[in-house]
Amino acid sequence: MAKPKTAKGGQNTAAAVEALVRPVIEGMGLRLWDVRFEKEGPDWFLRVLIDRDTPLDTDTCEAASRAIDPVIDAADPIPQSYYMEVGSPGLGRRLTRDEHFAALAGQKVAARLIRPDEAGRREVSGILLGKEGQNIRIAPEEGGEPAKFALSAASFVKLCDDEGLF
């Protein structure tokens with residue numbers, strides 16, 4: 001359940017909030033997957049995405065929300081009104097951090113490139129080989145040469161863990 005918040009200050013909002021909530025989330029035995037501060041229509045949303053090895057339930061998300069709420073309120077890092085949501089990154093989660101690429105190497109992923117690569121592809125999918133520096137390497141499932149591209153050249157890289165579910 002989203003709840004309205006009002007706060008002040010801060011240059012890089014997501015990074016500031018991440019620094020505040022990471023110790024709390026990890027102290028609960030959870031992993032902090034991502035923190036996003038996003039505008040949707042006229043509203044701002046602070047999304048704190050958490051994960052663990054076993055499936056998350058709403059009670060865990062609520063407990064995490066109640067634990068981080070006073071920490072964020074005390075630091076007051078956000079200048080405008082916003083809604084805070086705490087939840088799972090879910091199926092098809094986006095990979096944005098080095099630790100995501102390291103943890104999910106060997107899994108099937110998909111990427112959409114901003115511009116076509118040398119082979120004319122804008123969509124790349126296959127097995128994630130990893131991230132080396134700023135470059136992502138994905139081996140095609142049907143064999144062949146792995147695709148290699150800079151993370152900045154992709155609009156997204158996401159886990160393909162929802163195939164065959166629907």
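Keep in mind that this is a model prediction, so the values were computed, not measured. (Residues numbered from 1 in each chain as written. Predicted model: local features only at pLDDT ≥ 70, side-chain atom pairs only at ≥ 80, totals over all residues. Heavy atoms only, no water.)

Novice: Would you explain the packing of aromatic side chains in this entry?
Specialist: For any pair of aromatic rings, the description consists of the separation of the ring centres together with the inter-plane angle of the planes. Under the definition given, this model contains three aromatic pairs. Relative to Trp44, the ring of Phe37 has its centre 4.7 Å away and its plane inclined at 15°; by these criteria the two rings are stacked. For Phe37, a relative accessible area of 16% corresponds to the buried category. Looking at Trp44, the relative accessible area reads 26%, which means it is partly exposed. Ring pairing ties together the aromatic residues Phe37, Trp44 and Tyr82, which thus form one cluster. Above the ring of Trp33, the side-chain terminus of Arg93 is found at 4.8 Å from the ring centroid. (Phe/Tyr/Trp six-rings, centres within 6.5 Å; stacked < 30°, edge-to-face > 60°. Buried < 20%, exposed > 50% of the residue type's maximum accessible area, 1.4 Å probe, protein only. Lys NZ or Arg CZ within 6 Å of the ring centre and 35° of its normal.)

Novice: Would you mind going over unusual backbone geometry with me for this structure?
Specialist: Note: most residues except glycine have negative phi, and most peptide bonds are trans. Although it is not a glycine, Asp76 adopts a positive phi angle of roughly 55°. Checked against the element boundaries, Asp76 lands in the loop between helix H2 (58-75) and strand E4 (81-87). Take Asp76: its relative accessible area is 24%, and that puts it in the partly exposed class. (Helix = DSSP H or I, 4+ residues; strand = E, 2+ residues; numbered from the N terminus.)

Novice: I'm lost on the nonpolar core in this one. Help?
Specialist: The nonpolar side chains of a soluble globular protein tend to be buried, and buried together. Within the largest apolar cluster, 19 residues are counted, with the highest numbers of intra-cluster contacts made by Val21, Ile25, Leu46, Val48, Ile50, Ile68 and Ile72. For Ile25, the residues in contact, after removing those within four places along its chain, are Leu30, Arg31, Leu32, Ile50, Ala64 and Ile68. Counting 18 residues, the second-largest nonpolar core is a separate cluster that includes Ala111, Leu128, Ile136 and Ala147. (Core = buried A, V, L, I, M, F, W, Y, C linked by side-chain atoms within 4.5 Å. Contact = heavy atoms within 4.5 Å.)

Novice: Quick question: what am I supposed to make of the pattern of salt bridges here?
Specialist: Side-chain pairs of opposite charge can arise whenever the charged atoms involved come near each other. If you walk through the whole model with that rule in mind, you get 18 salt bridges. A salt bridge links Glu123 to Arg112; the nearest nitrogen and oxygen atoms lie 2.8 Å apart. Residue Glu123 is found in strand E6 (residues 123-132), and its partner Arg112 is found in strand E5 (residues 108-113); the two are separated by eleven residues along the sequence. Judged by its relative accessible area of 47%, Glu123 is partly exposed. Residues Asp117 and Arg121 are paired through a salt bridge, measuring 2.8 Å at the closest nitrogen-oxygen approach. (Salt bridge = Lys/Arg side-chain N within 4 Å of Asp/Glu carboxyl O.)

Novice: Before we go on, may I ask you to explain helix H1 (residues 13-27) in this structure?
Specialist: Residue pairs spaced three or four apart in an α-helix point in one direction, given the helix's 3.6 residues per turn. If you check H1, its first and last C-alpha atoms are 22 Å apart, about what 15 residues at 1.5 Å a residue would give, namely 21 Å. The axis of H1 is deflected most strongly, by about 40°, at Val21, and proline Pro23 appears within four residues downstream. Turning to H1, its buried residues are Thr13, Ala14, Val17, Glu18, Val21 and Ile25. Those residues of H1 that are buried are in contact with strand E2 (31-40), strand E3 (43-51) and H2. Just downstream of H1, Gly29 is the residue with a positive phi angle, here 80°. (Expected span 1.5 Å × (residues − 1). Bend = angle between axes of the 7 residues up to and from the residue.)

Any link to function would need more than the numbers given here.
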